[in-house]
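# Breakdown of the fold
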Amino acid sequence: MSLYFTFEGKTDGSAVICSKWHPTIPTLAVATSSGKVNILGEEGDSIIELVVESDSSITCSALDWNPVQKVLCVGWKDGSISMLIDSRESRDTNTPHKGNAITAICWSESGDKVLTGDLQGNWCVWRFDKKLLLAVGSKESLDGGLTHMTFRTKPQSKRSVKEDVEMTEEEREDKATTERLMIEDEDDGLSDFKHGTVMRFNENCTWFVGGSSGNVWGIDGDGTCCVIFSMDGQPITSLIYHPARTGVVAMNQNSGVSYYTMSDDHRWSQQARFRISVGKGANTSTAHMIWVGRGLIATCAGETLIRVWNIDENENYVISADAAEGGEARVSEKVTAIAYNPRKRVLCGGTRSGKVIFWQYSGGDKSTTEDDWDVLAEVKMERIGVSELVWGPGDSLLSAAHSESVVVLHGTALKRKLFRNTAIIQLTPTTLLYQDLGANLHLHATATIRVKGVDLAGSHFVVWNSKQVELFHIQMSGIQSIGVIEVQNSSVALHTEKLMVTRTERGVSSLELYNTQLQKLSHLSVKAHEGEAVQIAVNSDYLVAATSKNYLSCWWIGGRAGEDKPHRYPKLVWDSDQLSIAQISVNCNGSKVAVLAKKTDSLGQTTPDQHVYVCDLEHDKTTEFNLADICRTPTSVFWDETEPKLLACEATRTKKQPSTTEEQTDTAEGIENQTNQNHNSDDTEELRTEVVTFFASQKGVKLQDQFPLDKSMTALIGLGVPNFYFYSREGKRVDDKNTNVITKVMRDFEGIDCTDPRIREALLDFSFNLACGDMDAAYRSVKLIKDENVWTNMAQMCVKTGRLDVAEVCLGNMQDAKGARALREAKKEPEQEAHIAMLALQLGLIDDAERLYKKCGRYDLLNSMHQACGRWETAISLAEEHDRIHLRSIHYSHARHLESLGKLHEATAAYEKAKCHGYEVPRMYNNAGMLEELECYVVRSEDSDVQKWWAQFCESIGQNEQALHFYKKAGDTLSRIRLHCYLRDMDTAVQIVQAPENASTAAAAAYHLARQFEEAGKMKETLQFYRVAKAYRNAIRIARTNDMEGEVMQLSLQADQATIIESAQWFEEQNMLDKAVILYKKGGELSKALDLCIRGELYETLQKLADDLDKEADPDVFIQCAEFFLSKDQNEKAVDMYIQAKGYSEALQACLDCNVKLTDEMAEEMTLPKTDNEDDEALRLSLLRKIAKVAKLQESWHLACKKYTQAGDRVKGMKVLLKSGDTDKIIFFTNHSRQKDIYILAAHYLQTVDWHNNPAITKHIITFYTKARAYESLAGFFDAIAQVHIDEFRDYDKALTALQDSIKYMDKSKAQNKEMKVEQVSNRIHLVEQFVEARNLTKTDPGRMVEVCNDLLSIEALEGAVRVGDVYALLVEFYTGQKQFDQAYQLIERMRDRQIILSYYLETQLVQAVYNQMGIEYTEQEQPGQSHHQGGAMEDHEDIDEEIDEGD
């Protein structure tokens, strides 16, 4: 429990202007309107007083402490600056602020520089060096007064701030030069901030400043300045820095908030801009803003609430100051000041009435709701109107400024100690209560010091604070102070005969031992590497010390002076910088030490760790229990005085963390529910403090029990089996005597006499084994104890462990036959949780049963449980959400329950929700004899069932008119007709049936009326109303009896299938075949209809039937139609019928016989799907081949190719495709088939088309032969290419290349006589090369050219390689060019002699010119048959058509 003690500050009673704590030293500076600055200690005592002696009207206007040294900078109203250093003041009156009140002072984080600003906007950066302030840079007006400053801190930095202080002057100057602030702002720092101001600054020394002009500036340690953003010209009331995001948050006088951050390129950009809504009466001019967590800001403006914003997530909520702890209303508590302690995560608010309210943060990493803040405490001070709250150094030092004084608040936990049967409790800062429970002795003691710690042992107790230790001796007559010793921040512990005090000198700690007369006996040393001793604790004869480096050391101190010795080796608890020891406690035999810890995050914020650690000194290991699993945070820990395994801790409730596993959550909830039920706590949710007990052993730390403190218990003092001891502030009367220490029996010892040590040990073992989940060992521990409470506790533990076998034994020992039977029956359910839930239900653990039923999803059983417990509203709500199938039955059960209680009106509403009120409500009122109420209910009700019930009741008592009225109101047409027929009022009955408004309900009534007319022999009316009633069978029966064929046909078409078939048969018997066919078709008997059509030669009807047939019809029907259409020469229709009947062979045969064109659609319908069955697949392929063959015979080449391909015979598909002559599709098919034979066929085919003039086809031919590895054919193709170049273009160069490719591929081939063919091609190549050489020598060596040509002409086989005419032509052209016409003439004549056509090789003009030169008349030569070689390209492929025709 937290207590706050108040100390009035020693000031002169003048109004407080401002106050500030030193960051690390408990020293408070307070400036008052009298012109004084008072330096106060942590208890409000005055240390130093500063005053301007020459003029008392000059008051302090701003002050700030150096964060590293004990130096205070004070700014005065006249512009002068004072420095208070080591109790000595130095004042500088000649400053840049002279004549202007200094309004803001802010030190740098390292303490080497300070920024000052005044009311006119002047500012100055000072460097603090050697106890002097030296101005670095300054600037005059910045458009208004400077009122708020904040320094750019670096919480992520690993470097200590002392490093900056310890830097030499040269190092500091070098650092300032390299990190100089640079400003890039084109418009003197006043550019449009929405586009982002660029600011490069000294990252180690930067301030952000705001003032009355609404601008926010950045100023660095070198004295340069830049505007960052503006707040619309409104004065700034708060300015804070966001270290995690390098951002600045500012609030102006109109409650507008702007949030800017700086990017890596030093550009400032707006992240958020909003206005805080304030209520009436709020004072926005004094509103201020602070950080209350990571990314969380809080504001107050004189309202009854505090507004919190998460600026990173853009979420907000409010914390109300109107709901006090315990639910008491608070009136007009307007918050005027707020402050936040990041180390303890505590927010405090000061109110106008003089109260200070504390809230503890209990949420997760991100706060989104006011539920994350719990009211921690409330302190009422004597003075009203808190104007300022400031947290001091440490965890619990706070100052509250009022209009005329300042109050220092010390927060401390309630100090108490239990020793055997005695207890000491702190009541006030100096008052303590001692109580001996055995002797019923109550004594009060007053210490001479402010108490911050207390310990009790034997007949002595000790109190201490950070400076002094006082020892007291307890006697029956009173308490006597023995003496006081001086200490310095020591920890103290008390043994029955010795007092232990820690002392630290030069970083080395020791434990000094005194006797009860405060005489020093000896000392115990702590090794330097273990750190400084920060806490000590004693239990029995064992002393434990905890160090600053998380070491634990243990000594045995039970002997005489000097006989103390180490009990165990020092143990390191954690090797972590984030965890530190907060509290320790040692057990009675010195084997284990319980440790509570605190953790520090990256921002330096300290929070309690949620683990309870137990260090086993015997086995050198540390075990732990995470109280976060049960949503608790430990605050103190105690060991049992005699049992070394049992410990307890006080804990506060916290929010459930997201990381909690489902299993842990279930366990935590189960234990919590169980303990809450055991301790009958109906308002546990309002009580935040709980007691949690554990067993610590080699099996780990096991949760044993937990229960909340009720309102009569203030705090846990200690425990000793079988009791807990609590301090009660209000006190309690026991045995006619008042006591402030009350006891509570432990759960497993309730109702049992524990005076026998054996029983107590057995129960301890029982409780320990239950906590460990060892039900067998727990059973063995207490099997001889015949106490129902023991077995009840074990059975309750079985709910947690799920040991139903042990639970059955427990129920047997409890003699609970009913519970045992219920458990046996519950085992019929499939879910294990349902069995355990029934056990919990029998033990009265309703919440546990509910949790288990929910876990296994058995909401039906859970609903039954709620109904059995009378929780009808809960049962109904649960059914609406999870069990709607039983919702109506639950409403019905609820109604029956209410009816049994005589609550008929409530029962009526429940019956209506169950939707059975039409019968149950009239029955209920009728049974109760409340006919008048029933009639009123019927008149009011709009429910047809209720009205119908009442009509039947009226009819039963002969009130026919009344009955007819309510039958009509209920919409019961049948009952109305029945009653009218009974009354022989047939006309009215007919009118009712024929009325349009009764059309939807007239069927049954019309049937009843038709029966009445049939009995009367009125057949016309009978048919009419049977038709209205849709009783077609009865109507047809009447029509057939009276030979009404037309009526029979009309009625049959509207009747059901069986009736239609009956009518068709009747028409067939009457030889009315056309009507019979129509009815057979409508009745689904198509084959019967076709038979009748054929038998009756109803061809038109048959044609319509065939057109209307669908694919689902009987195949025999299609076959019959097909045969009929064939007989009538309607062949295409017949083929379609065969296909629909899946008679594909018959369809194909019909296509061939009757010359019906096989279309793509018909072929696709006959194509069967692929299957894994071998027989079916063979049938499918066979059918595809038949389809392809028919298509081929009908010259549907593409269709035939497609079906051959689908049948897997691509070669045949290619052959039929070749017959189509579709070159593009042939090429496409070849590329996709990728088969050798197909490549060859395609290449052969392509040589039959005009490939000479189509390079693409030539390329395809080469590609296909190459892919088929048909090198012989490819060589022949290149040979043909060479011949084309010679014959068509006389291009012997390209021909030579083609012949070279030909011999290359011929060489690769495996053809017969390959060597001979290669030799032939080689000879041709040789001759062509000679001719090419001759042509090339025409200009360079004509003589050689003539010689080569003559040699070629002498070769008889020249024509196979080079055309003779080309050789003669070359010589003729040469001689003509040389004017040797006689030689040219002779050559021409030789050509003519060899029957060479001159026009193929020589221009006619050239020949005529030669003849003219020779004087000979030229006569044109006759052209005999072509003798030169013409395209032998296809000589190897002349049989291509024969190859194609080889297919089927």
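Before any of the text, the structure's been laid out above.
Our subject in this report is the structure included herewith. (Residues numbered from 1 in each chain as written. Predicted model: local features only at pLDDT ≥ 70, side-chain atom pairs only at ≥ 80, totals over all residues. Heavy atoms only, no water.)

### Focus: the nonpolar core
Counting residues in each nonpolar core, the largest one holds 104 residues, and the members touching the most others are Leu1158, Met1345 and Val1362. Per-element tally for this core: the top contributor is helix 39 (residues 1271-1289), with ten residues. Beyond its immediate chain neighbours, meaning those up to four positions away, Met1345 contacts Ala1334, Leu1337, Thr1338, Leu1370, Leu1371 and Phe1374. (Core = buried A, V, L, I, M, F, W, Y, C linked by side-chain atoms within 4.5 Å. Buried < 20%, exposed > 50% of the residue type's maximum accessible area, 1.4 Å probe, protein only. Helix = DSSP H or I, 4+ residues; strand = E, 2+ residues; numbered from the N terminus. Contact = heavy atoms within 4.5 Å.)

### Details of unusual backbone geometry
That bond from Val721 to Pro722 is cis: its omega, 10°, falls within 30 degrees of zero. With respect to the helices and strands, the residue Pro722 is situated in the loop between strand 60 (715-720) and strand 61 (723-734). Despite not being glycine, Arg345 has its phi angle at roughly 55°, a positive value. In this structure, Arg345 sits in the loop between strand 28 (335-341) and strand 29 (346-351). Among the residues examined, Arg345 registers a relative accessible area of 18% and is labelled buried. Of note, the phi angle at Arg1234 is positive, near 60°, even though the residue is not glycine.

### Considering empty space enclosed by the protein
Under the criterion given, the structure shown has five cavities of 30 Å³ or more. Quantified by volume, the second largest cavity comes out at close to 60 Å³. Leu646, Thr693, Phe695, Gln704, Asp705, Phe724, Met746, Arg747, Phe749, Leu764 and Ser767 together form the lining of the second largest cavity. Only strand 58 (689-697), strand 59 (700-708) and helix 4 (757-772) provide two or more residues apiece to the lining of the second largest cavity. Taken together, the residues that form the lining of the second largest cavity break down as six nonpolar, three polar and two charged. (1 Å grid on protein atoms, 1.4 Å probe; cavity = no way out; pocket = protein on both sides within 12 Å on 5 of 7 lines; lining within 4 Å. Points joined across faces, edges and corners; volume = space filled by probe spheres on them. Nonpolar A, V, L, I, M, F, W, Y, C, P; charged D, E, K, R; others polar.)

### Some thoughts on the packing of helix 19 (residues 973-982) against helix 21 (residues 1002-1015)
At a minimum axis distance of 8 Å, the contact between helix 19 and helix 21 shows a crossing angle of 20°. Between helix 19 and helix 21, the interaxial angle falls into the category roughly parallel. Note on packing geometry: the crossing formed by helix 19 with helix 21 is right-handed. In this structure, helix 19 contributes Thr973, Leu974, Ile977, Arg978 and Cys981 to the contact, and helix 21 contributes Ala1004, Ala1005, His1008, Leu1009 and Gln1012. (Axes fitted to C-alpha atoms, helices over the stretch in contact; angles between N-to-C directions. Parallel < 35°, antiparallel > 145°, perpendicular 65-115°, else oblique. Left-handed = near helix turned anticlockwise from the far one by under 90°.)

### Re the sheet that holds strand 50 (residues 565-572)
A sheet is described by the order of its strands in space; here four strands give the open sequence 47-48-49-50, paired in antiparallel fashion. Since the sheet does not close on itself, it has two edges, and those belong to strand 47 (533-539) and strand 50, each with one partner. Neighbour to neighbour, the strand axes of the sheet diverge by 15° on average, direction disregarded. (Pairing = 2+ DSSP bridges.)

### Focus on the sheet that holds strand 9 (residues 88-92)
Two orientations exist for strands paired in a sheet by backbone hydrogen bonds: parallel and antiparallel. Taken together, the four strands give an open sheet; going across it, the order is 6-7-8-9, and neighbouring strands pair in antiparallel fashion. Strands with a single pairing partner mark the edges of an open sheet, and in this sheet they are strand 6 (60-65) and strand 9. Strand-to-strand twist across the sheet, computed as the mean angle between neighbouring axes with direction ignored, equals 20°. Bridging between strand 8 (residues 81-85) and strand 9 involves five bridges; their strand directions are antiparallel. Bridging from a neighbouring strand, Ser82 pairs with Arg91 of strand 9.

### Quick notes on helix 20 (residues 986-994)
Among the residues making up helix 20, those that are buried are Ala989, Val990, Ile992 and Val993. The arc that holds every buried residue of helix 20, seen down its axis, measures 160°, which confines them to one face. Away from its buried face, by an angle of more than 90 degrees, helix 20 presents the exposed residues Asp987 and Gln991. Those residues of helix 20 that are buried are in contact with helix 19, helix 21 and helix 22 (1019-1028). (Arc of directions from axis to C-beta.)

Geometry only, nothing functional implied.
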